[in-house]
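Secondary and tertiary structure notes
This is what each chain is made of:
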Amino acid sequence: MRKKVGVIGGGQLAWMMAQVAPLENIDLWVQTPHHSDSAVSLATQTVFADIDDAIATDILAQNCDVITFENEFVNLEKLQKLADKGGCFYPRLSSLSPLLDKYEQRYFLKNHGFRVPHFQAYNSEADFESFSFPLVLKVRRHGYDGQGTVIIKHREELSSILPKFNGIPLLIEEFIPFERELAIVAARSVNNEIKIYPVVETYQENQVCRWVIAPALITLEQIKEIEAIAKKLLIELDYVGVLAIELFLSKNGKILVNETAPRTHNSGHYTLDACETSQFALQLQAITGKPLGNINLKTSGALMVNLLGYESANSEYLEKREAIKKLGALVHWYGKTESRIGRKMGHVTVLLTENNPEKRYQQGKLIAEKIEFIWNS
Ligand code: ADP
């Protein structure tokens, strides 16, 4: 039977979900205030309203079998009223509730036995006493793509940085001098079926993800440990849908959870081209009660590179996109009409064919460099 799914948010994640929705026999409705949002052109219907506008979400609830999320910027109290009168949300609001605030999320993870960096809510300068420098300061809500995450090298910087966050709730966190950053995307369906994609390496510069290589070059024990983290978290949250977990691999081989995102994730974009079932299709299957598809990689590996805005301009960057395609890359252009520094304008995937893991990793890094060179020059 054809189902209707509502998505709160209309950006690139909803856009990629809208691409696969017809194949899953699903009509996708989106809620966004922006007529220029990527998903608007592909959605069956758009409700034009702010993300936290519960009256608009009620329209989704009246028309759709289930509502899901593209971002964490929702108002749970308002949504709970819709759930109380029968609105169906997956992931459940109770699963989202401990995750939306970075401090509360950390607290939840620590309390449930996950290894996390030392952290504390910021109330006054005395709260910095149990930390050494460098340390990390994060806004507790509404941070994304490194916006709201600052690495503070010396105590002296506090006096100039803290006033910039005047009145905004903050989290203080130990700086982890990690060896690598890793991520994993996993899903649990309404019927309790679990699927876990390969662990990937993510590379960030200035707190923003530049590229992802799948699978990560780590040991089998580390893979097993991270898969166990994903499974435990899905179950302890009683989670339905796709969940992403970002992790640090420390210099002494320890794995720490940095954060979890209750949605499809940038670190899983490669699955659109490289896996039998993408994270977007898996999300739709998980929340509509379908059996979860085969998520195996179609090739030995994949590279994903984000095309990040490097200027303020109105350009489609056609020439650069063509040049990148010539490297064998599959270009996903989000159709945003305005480029801004750091804004995700698109991403590209390159299927990696090398079978030797070390050589494949080097192959991936080399191609990432070439793509970034074309994009940024
Ligand atoms: P966002 O939610 O905006 O992506 P994150 O918490 O994931 O913010 O931080 C973005 C990036 O900042 C991380 O991918 C990592 O590179 C760096 N970072 C965040 N927390 C730490 C930490 N405790 N130690 C070292 N680097 C960190």
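Since the structure is predicted, the reported quantities are computational estimates derived from the model, not experimental observations.

1. Focus on the pairing of strand E13 (residues 241–249)
- Burial analysis of E13 places eight of its nine residues in the buried class, which makes it a mostly covered element.
- Taken together, the nine bridges between strand E9 (residues 180–188) and E13 define a ladder with antiparallel strand orientation. Within E13, the position partnered with glutamate 181 by the bridge is phenylalanine 248.
- Of the strand pairs in this sheet, E13 and strand E14 (residues 255–261) are connected by six bridges, and their pairing is antiparallel. In the strand pairing of E14, isoleucine 245 is matched with threonine 260.
- Counted between consecutive antiparallel strands, the loop separating E13 from E14 contains five residues, among which glycine 253 sits at a positive phi close to 85°.

2. Let's talk about the sheet that holds strand E1 (residues 3–8)
- The sheet built from four strands is open, its strands ordered E3-E2-E1-E4 with parallel pairing. Of all strands in the sheet, those bounded by a partner on one side alone are strand E3 (45–48) and strand E4 (66–69). Neighbouring strand axes in the sheet, compared pairwise and without regard to direction, differ in orientation by 25° on average.
- In the sheet, E1 pairs with strand E2 (residues 26–32) via six bridges, with the strands oriented parallel.

Conventions used here
- Residues numbered from 1 in each chain as written.
- Predicted model: local features only at pLDDT ≥ 70, side-chain atom pairs only at ≥ 80, totals over all residues.
- Heavy atoms only, no water.
- Buried < 20%, exposed > 50% of the residue type's maximum accessible area, 1.4 Å probe, protein only.
- Helix = DSSP H or I, 4+ residues; strand = E, 2+ residues; numbered from the N terminus.
- Pairing = 2+ DSSP bridges.
- Axes fitted to C-alpha atoms, helices over the stretch in contact; angles between N-to-C directions.

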